[in-house]
Amino acid sequence: MPESGRPLPRLNLALQGGGSHGAFTWGVLDALLEDGGFDFEGISGTSAGAMNAVAMAHGFAQAAREHADPVEARRAGADLARATLARLWEGVGAMGSLSWGAPLTQAFPALQLMTQWLAPAQANPLDINPLRRLLERVVDFDLLCSVRQAVPQVFVCATNVRTGRGEIFAGPRLSADAVMASACLPMLFKAVEIEGELYWDGGFSGNPALHPLIYQTGCSDILLVQINPIEHLGVPDTVPEIMDRMNEVTFNASLLAELRAIEFVRRLLAEGRLDPRRYKDVRMHRIDGGSPLAGLGFASKARADQAFLRQLFALGRTAGQAWLAAHRQDVGVRASLNLAHNA
């Protein structure tokens, strides 16, 4: 509890994927954690959002192991979560373009041409991915799965290659494999096998998935950190611009469908046509990184030099602080995102 003696307002987080643009989300989370004004119940993340989610939860798990008092654990958890996120993204910056965009093309330029014609199993038969080793150094998944009290629930979305459906990994199924599956772009990496099934990037089916936050937590407030722009003022007319826009549309489609469903349920609840004991009146909030990141282009999601990540981090912190100033008081009271207009 805060010094006032009142419990902190609860808040769920929904973290979108977007390659190295996930450093924007790092900045947002840093601002929220530094503020210390919320109790985070659940975090749903996809791709880079999943990496941010497990890094943040790892900090709280460390604190819960070290502090019996829940108030002390929460305070220490926020600091440790910030430190874990910083280690993750500093590690990504140290690898540079060996992270999301093309794991080996920097070291072996010939692979840049080969990946246009060869499947990942042919171009990278050993499935070398330095990002996985970094993730395993930064996040203790055994600890994350064993410590539940005072630790946000994490939900990671990946796409089942066989069924085409999104699958949520949480609780004891949360692992480095699950996170790497959530970030598995099929033209760059071999599908990740988990329990006999193969998985690709979760962005195809839930970017991020909102339904686990609705059905598996008690909290009604969801803060969406969105890093893929929904709208563009101009019409793309070059091949790179068209490809960029196609990717944005693809990786926003599932999210927009869930937002429309939430708005539909909210409207029926307001009209008294649904039983409020059976349906949750979800209050959506959003920090929009799509607009400030739109000018960077899709290709910049593969750029991961330290200076660029720090630039994105600063943008995210500014956006997080602005949201806190404008909408802190809305959490637990009202939605601050107009779904009728945005979905």
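Scope of this entry: the structure provided in the associated data block. (Residues numbered from 1 in each chain as written. Predicted model: local features only at pLDDT ≥ 70, side-chain atom pairs only at ≥ 80, totals over all residues. Heavy atoms only, no water.)

Some thoughts on the overall build of the chain
Then, number 1: Summing up its helical and strand segments, the chain has 13 helices and 8 strands in all.
Then, number 2: Here the chain, with 343 residues, has 52% of them falling under the buried criterion.
Then, number 3: Accessible area for the chain stands at about 15,500 Å²; split by element, carbon and sulfur atoms hold 55% of it. (Helix = DSSP H or I, 4+ residues; strand = E, 2+ residues; numbered from the N terminus. Buried < 20%, exposed > 50% of the residue type's maximum accessible area, 1.4 Å probe, protein only. Areas by Shrake-Rupley, 256 points an atom, 1.4 Å probe, with all protein chains shown as cover.)

Structural notes on the pattern of salt bridges
Then, number 1: Scanning the model with the defined rule gives 20 salt bridges in all.
Then, number 2: For Glu34, the salt bridge is made with Arg82, and the minimal N-O distance between the two is 3.7 Å. Here Glu34, found in helix H1 (residues 22-35), pairs with Arg82, found in helix H3 (residues 70-95); they are 48 residues apart in sequence, far enough to count as distant.
Then, number 3: Across the salt bridge formed by Arg173 and Glu167, the nearest N and O atoms sit 2.8 Å from each other.
Then, number 4: By relative accessible area, Arg173 is classed as partly exposed at 26%.
Then, number 5: Through salt bridges with shared partners, a single ionic network connects Asp30, Glu34, Arg82 and Arg317. (Salt bridge = Lys/Arg side-chain N within 4 Å of Asp/Glu carboxyl O.)

Observations concerning the layout of surface pockets
Then, number 1: Quantified by volume, the second largest pocket comes out at close to 300 Å³.
Then, number 2: Taken together, 16 residues form the lining of the second largest pocket, with Asp39, Phe40, Pro70, Arg74 and Ala150 sitting closest to its centre.
Then, number 3: Among the secondary structure elements, those contributing two or more residues to the lining of the second largest pocket are strand S2 (39-45) and H3.
Then, number 4: Residue composition of the lining of the second largest pocket, by class: 11 nonpolar, 1 polar and 4 charged. (1 Å grid on protein atoms, 1.4 Å probe; cavity = no way out; pocket = protein on both sides within 12 Å on 5 of 7 lines; lining within 4 Å. Points joined across faces, edges and corners; volume = space filled by probe spheres on them. Nonpolar A, V, L, I, M, F, W, Y, C, P; charged D, E, K, R; others polar.)

Let's talk about the nonpolar core
Within soluble globular proteins, side chains that are nonpolar tend to cluster in buried spots.
Then, number 1: Leu13, Phe40, Val54, Met56, Leu135, Leu144 and Trp323 are the most contacted members of the largest nonpolar core, which has 72 residues in total.
Then, number 2: The element that contributes the greatest number of residues to this core is helix H2 (residues 48-66), accounting for 10 residues.
Then, number 3: Residues contacting Leu13, with those up to four places away along its chain left out, are Leu29, Leu32, Phe40, Gly42, Ile43, Ser44, Met56, Leu213 and Leu223.
Then, number 4: In this structure, Ile168, Leu224, Leu255 and Met284 belong to the second largest nonpolar core, which totals 17 residues. (Core = buried A, V, L, I, M, F, W, Y, C linked by side-chain atoms within 4.5 Å. Contact = heavy atoms within 4.5 Å.)

Some remarks on the side chain of Thr25
Then, number 1: The topology assignment puts Thr25 in helix H1.
Then, number 2: In this structure, Thr25 is in contact with Leu15, Asn52, Val225 and Ile227, ignoring residues within four places of it in sequence.

Section: empty space enclosed by the protein
Then, number 1: The final tally for this structure, using the stated rule, is 2 cavities of 30 Å³ or more.
Then, number 2: When its volume is computed, the second largest cavity comes out at roughly 70 Å³.
Then, number 3: Lining the second largest cavity are 11 residues; nearest its centre among them are His21, Pro229, Glu248, Leu293 and Lys301.
Then, number 4: Classifying every residue of the lining of the second largest cavity by side-chain character gives 5 nonpolar, 4 polar and 2 charged.

Observations concerning the environment of Ser146
Then, number 1: Tracing the backbone shows Ser146 in helix H7 (residues 141-146).
Then, number 2: Overall, Ser146 belongs to the exposed group, its relative accessible area being 52%.
Then, number 3: Once the C-alpha coordinates of Ser146 and Ala61 are considered, the two residues, 85 residues apart in sequence, prove to be 8.6 Å apart.
Then, number 4: For Ser146, the side chain forms a polar contact with the main-chain oxygen of Asp142, separated by 3.0 Å.
Then, number 5: A distance of 3.1 Å separates a polar atom in the side chain of Ser146 from the backbone oxygen of Leu143. (Polar contact = N/O pair within 3.5 Å; in protein donor to acceptor, adjacent residues only side chain to side chain.)

Quick notes on H2
Then, number 1: The end-to-end C-alpha distance of H2, which contains 19 residues, comes to 28 Å, matching closely the 27 Å that a straight helix rising 1.5 Å per residue would cover.
Then, number 2: For H2, the tally of buried residues reaches 17 of 19 residues, placing the bulk of the element in the interior. (Expected span 1.5 Å × (residues − 1).)

Considerations on unusual backbone geometry
Then, number 1: Omega for the bond connecting Asn207 with Pro208 falls within 30 degrees of zero, at -5 degrees, which places this linkage in the cis form.
Then, number 2: For Pro208, the location among the structural elements is in the loop between strand S6 (197-200) and helix H9 (211-215).
Then, number 3: Positive phi, close to 55 degrees, is recorded for Ser47, a residue that is not glycine.
Then, number 4: The class of Ser47 is buried, set by a relative accessible area of 5%.
Then, number 5: Here Glu195, not a glycine, exhibits a phi torsion of approximately 50 degrees, which is positive.

Function cannot be read off these values alone, since they describe shape.
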